[in-house]
Amino acid sequence: MIHIALWLKAGLWGLLAGSALLLGAAIGYFAPIRQRLVAGIMAFGSGVLISALSFDLMDEAYQQGGFAATGFGFLVGAAIYTFANKLLNKRGAKHRKRSGGQQPKEQENAGSGTALAIGALIDGIPESIVIGISMIKGGNVSLVAVIAIFLSNLPEGLSSSAGMKKAGRSVTYVLGVWSAIALASGISAVGGYTIFGNFSDEVIAAITALAAGAILAMLADTMIPEAFEEAHDYTGLITVIGFLTAFLLSRLTEVG
């Protein structure tokens, strides 16, 4: 049996989850998919992530480090993401998840292409770090987290790349951005495993909760608005279905 170093396994799992961004981006750029379908997929992905951070990330953090570390990390993660997102919004990244014509063209907002890329990067890093952290105890990855992140990354890349195309971004730019972010996802997972492996349970819990807070803030600020814009009255139902899917996966994993 071939032995693979745990840090490399973490990177491969992160890369797998991040590859959904590139897959979604390719579909969104080349396939003529209706915006309402994109919004529905986005709502489903939002529900999946909400369930995963509720029953997997936050519960794990609480069990490992208690409420103080978990609550502190959760609030700090949300605050960091919110302020970083606000800064990037001013630079032209406000509608980076939108599949319509909301994203600015480079000639309309110079530097918006860079802001879009950085915005997409900060959206994905917290999720990938969590994958690496989940392997610290025992070396086994949280399959629920990987599946949830993969299922949410697919519509994220799909919707964003469709919007980028309508804003006049080239295929080289779009696929280049998402390829780089998929690679960064793998690197972030390696970092999550190697950097925090020797820290105390409280610190690991706080970092896990920090990532969860950043993910929830990202959902509320970017993914859910895009879903509601087109899906309207069906957004809640589709989000609930996504939530239930991830919840079922979590329970089946426990039984297994």
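What counts and what doesn't
Residues numbered from 1 in each chain as written. Predicted model: local features only at pLDDT ≥ 70, side-chain atom pairs only at ≥ 80, totals over all residues. Heavy atoms only, no water. Helix = DSSP H or I, 4+ residues; strand = E, 2+ residues; numbered from the N terminus. Buried < 20%, exposed > 50% of the residue type's maximum accessible area, 1.4 Å probe, protein only. Contact = heavy atoms within 4.5 Å. Areas by Shrake-Rupley, 256 points an atom, 1.4 Å probe, with all protein chains shown as cover. Core = buried A, V, L, I, M, F, W, Y, C linked by side-chain atoms within 4.5 Å. Axes fitted to C-alpha atoms, helices over the stretch in contact; angles between N-to-C directions. Parallel < 35°, antiparallel > 145°, perpendicular 65-115°, else oblique. Left-handed = near helix turned anticlockwise from the far one by under 90°. Nonpolar A, V, L, I, M, F, W, Y, C, P; charged D, E, K, R; others polar. UniProt positions renumbered as here; feature names shortened; annotations may be inferred. Patch = residues over 30% accessible without salt bridge, like charges linked within 9 Å, V, L, I, M, F, W, Y side chains within 5 Å. Salt bridge = Lys/Arg side-chain N within 4 Å of Asp/Glu carboxyl O.

## Focus: the overall build of the protein
Each helix and strand in the protein was counted, giving seven helices and zero strands. Each helix (α) and strand (β) of the protein, taken in turn from the N terminus, gives the series α-α-α-α-α-α-α. A buried classification covers 49% of the 256 residues belonging to the protein. Once local pairs closer than 6 in sequence are excluded, the contacts in the protein between residues at least 24 apart make up 87%. As displayed, the protein offers around 11800 Å² of accessible surface, 69% of which is attributable to carbon and sulfur atoms.

## Re the nonpolar core
By size, the foremost hydrophobic cluster in this structure holds 34 residues, and its most contacted members are Ile131 and Leu219. At the level of elements, α1 (6-30), α2 (35-93), α3 (112-133), α4 (143-166), α5 (171-196) and α6 (201-231) are the ones that each hand at least two residues to this core. Top element by residues in this core is α6. It accounts for 13 residues. Apart from the residues lying within four places of it in its own chain, the contact partners of leucine 219 are Ser46, Leu49, Ile50, Leu53, Ile224 and Pro225. In this structure, Ala25, Ala120, Val177 and Trp178 belong to the second largest nonpolar core, which totals nine residues.

## Thoughts on the packing of α1 against α4
For the pair α1 and α4, the least separation of the axes is 6 Å and the interaxial angle reads 30°. With respect to their mutual orientation, α1 and α4 come out roughly parallel. Here α1 and α4 pass one another in a crossing that is right-handed. Taken together, the residues that form the contact of α1 with α4 break down as 16 nonpolar, seven polar and two charged.

## Quick word on the UniProt feature "transmembrane region" (unreviewed entry) in the protein
In the UniProt entry, the feature "transmembrane region" (unreviewed entry) is given for residues 12-30, 37-55, 67-88, 129-151, 171-196, 203-222 and 234-252. Helix and strand shares over residues 67-88 are 100% and 0% respectively, and the end C-alpha atoms of the span are 31 Å apart. Span residues 171-196 is 100% helix and 0% strand, its end C-alpha atoms 37 Å apart.

## A short note on a nonpolar patch on the surface
The grouping of Trp7, Leu8, Leu12, Leu15, Leu183 and Ile187 at the surface amounts to a nonpolar patch, some 580 Å² of accessible area in total. In terms of residue count, the dominant contributor to the nonpolar patch is α1 (four residues). One can find isoleucine 187 in helix α5. Classification of isoleucine 187 by relative accessible area gives exposed; the value is 57%.

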